[in-house]
Amino acid sequence: MERASLHHHHKHRHPDDSEIFKQQSLGAIRRRKIISRVLFTVLSIVAACIVAFIAWSVIYDK
């Protein structure tokens, strides 16, 4: 039993520089995708509000 514990491999190994760079790059890509989705949603809502306001002002301007 003791010999088995001596040869136990750790799941959490220390990543080298290339692994850290890869993880940071993947994180940056994920952040960029999230930001672009949020920005697209916000700008779509703003555009819809502008169109609705223009339609409202044209209809009720009479």
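The preceding data block contains the structure.
Let me sum up the structure you'll find in this document.

**Side note on the overall build of the chain**
For the chain, the count of helices and strands is two helices and zero strands. For the chain, buried positions account for 2% of its 62 residues. With the model as given, the accessible surface of the chain reaches about 6600 Å², and the carbon-plus-sulfur share is 67%.

**Description of the packing of aromatic side chains**
Tallying each qualifying case throughout the model produces two aromatic pairs. Taking 6.2 Å as the distance between ring centres and 45 degrees as the angle between the ring planes, the aromatic pair formed by Trp56 and Tyr60 counts as tilted. An aromatic cluster of three or more residues is present, and its members are Phe53, Trp56 and Tyr60.

**Digging into a nonpolar patch on the surface**
Residues Ile34, Val38, Val42, Val46, Ile50, Phe53, Ile54, Trp56, Val58, Ile59 and Tyr60 make up a contiguous nonpolar surface patch of about 1100 Å² in total accessible area. By the secondary structure assignment, Val38 is in helix H2 (residues 17-59).

The rules we used
What you see as residue numbers is a count from 1 along each chain, following the sequence as written. Restriction of local features to residues with pLDDT of at least 70 applies here, the model being predicted, together with a cutoff of 80 or more for giving and counting side-chain atom pairs; totals for whole chains, interfaces and linings are based on all residues. Hydrogens and water molecules were not included; the side-chain quantities draw on all heavy atoms of the structure. The helix and strand labels rest on DSSP assignments: H or I over at least four residues marks a helix, E over at least two residues marks a strand, and numbering proceeds from the N terminus. For every residue, the accessible area obtained with a 1.4 Å probe (protein chains only) is divided by the maximum for its type, and the residue is called buried under 20%, exposed over 50%, and partly exposed between those limits. The Shrake-Rupley method, run with a 1.4 Å probe sphere, supplies the accessible areas, and residue values consider only the shown protein chains as cover. Pairs were defined over the aromatic rings of Phe, Tyr and Trp, the Trp ring being its six-membered one, requiring ring centres within 6.5 Å. Orientation was assigned from the angle between planes: stacked under 30 degrees, edge-to-face over 60, tilted for the rest. Candidates for patches are residues over 30% relative accessible area with no salt bridge; among them, like charges are joined within 9 Å and nonpolar side chains (Val, Leu, Ile, Met, Phe, Trp, Tyr) within 5 Å. By salt bridge we mean one thing: a side-chain nitrogen of Lys or Arg within 4 Å of a carboxyl oxygen of Asp or Glu.

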